[in-house]
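So you can see what is in the structure, the chains are spelled out below.
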Amino acid sequence: MDQELVSRIAATAKSDLQLPDEQLPTIERYVKRAISRILVFCGREDFPPPLEDVAAQIVEDMLRACLLYTSPSPRD
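Residues numbered from 1 in each chain as written. Predicted model: local features only at pLDDT ≥ 70, side-chain atom pairs only at ≥ 80, totals over all residues. Heavy atoms only, no water.

## Description of the packing of aromatic side chains
To keep things clear, this is the line we draw: Pairing of aromatic side chains requires ring centres within 6.5 Å, counting the rings of Phe and Tyr and the six-membered ring of Trp. Pairs whose planes differ by under 30 degrees are stacked, by over 60 edge-to-face, and all others tilted. Our definition puts a charge over a ring when NZ of Lys or CZ of Arg is within 6 Å of the ring centre and also within 35 degrees of the ring normal.
The tally for this structure, following the rule as stated, stands at zero aromatic pairs. The ring of Tyr 30 carries Arg 33 above its face, with NZ or CZ at 5.1 Å from the centroid.

Here it is in structure tokens:
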């Protein structure tokens, strides 16, 4: 798996969720899972650039589901 691709998608997810640098290894692990899922689902061996945003969104969803990201509570 292309580390540059993993790093780009991880940086997008990290930035979108405003996560600390310490979370980067976990984020990259989720990126690899997302890329693998997309490749299997699409029956491809290459990863088309337009799917990078899709992978980042999947990673963000997985991180939220695993409670690594907690949204701020609304203020009254």
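## Observations concerning unusual backbone geometry
With glycine set apart, most residues show a phi of negative sign, and most peptide bonds adopt trans. As a reminder, the rule being used: By definition, any uninterrupted DSSP run of H or I lasting at least four residues is a helix, any uninterrupted run of E lasting at least two residues is a strand, and each is numbered from the N terminus.
One non-glycine residue with positive phi stands out, namely Gln 18, at about 55 degrees. Along the polypeptide, Gln 18 turns up in the loop between α1 (3-17) and α2 (24-42).

## Looking at α1
What counts here: Here, expected helix span is obtained from the residue count minus one, scaled by 1.5 Å. Exposed residues in this analysis have more than 50% of their type's maximum accessible area, buried residues have under 20%, and partly exposed residues fall in between, with area computed by a 1.4 Å probe over protein chains only. The reported arc concerns the directions from the helix axis to the C-beta atoms and nothing else. Any pair of residues with heavy atoms lying within 4.5 Å of one another is described as a contacting pair. Two N or O atoms form a polar contact when they lie within 3.5 Å of each other; inside protein one atom must be a possible hydrogen donor and the other a possible acceptor, and for residues adjacent in sequence the pair counts only when both atoms belong to side chains.
An ideal rise of 1.5 Å per residue puts 21 Å on 15 residues; α1 measures up with 21 Å between its terminal C-alpha atoms. Among the residues of α1, Leu 5, Val 6, Ile 9, Ala 10, Ala 13, Lys 14 and Leu 17 are the ones counted as buried. The buried side chains of α1 occupy one side of the element, clustering within an arc of 160 degrees when seen end-on. Along α1, exposed side chains directed more than 90 degrees from the buried face belong to Glu 4 and Ser 15. Contacts from the buried residues of α1 go to α2 and α3 (52-65). Where α1 starts, the residue carrying a side-chain oxygen 3.2 Å from the main-chain nitrogen of Glu 4 turns out to be Asp 2. Looking at the residues trailing α1, positive phi occurs at Gln 18, about 55 degrees.

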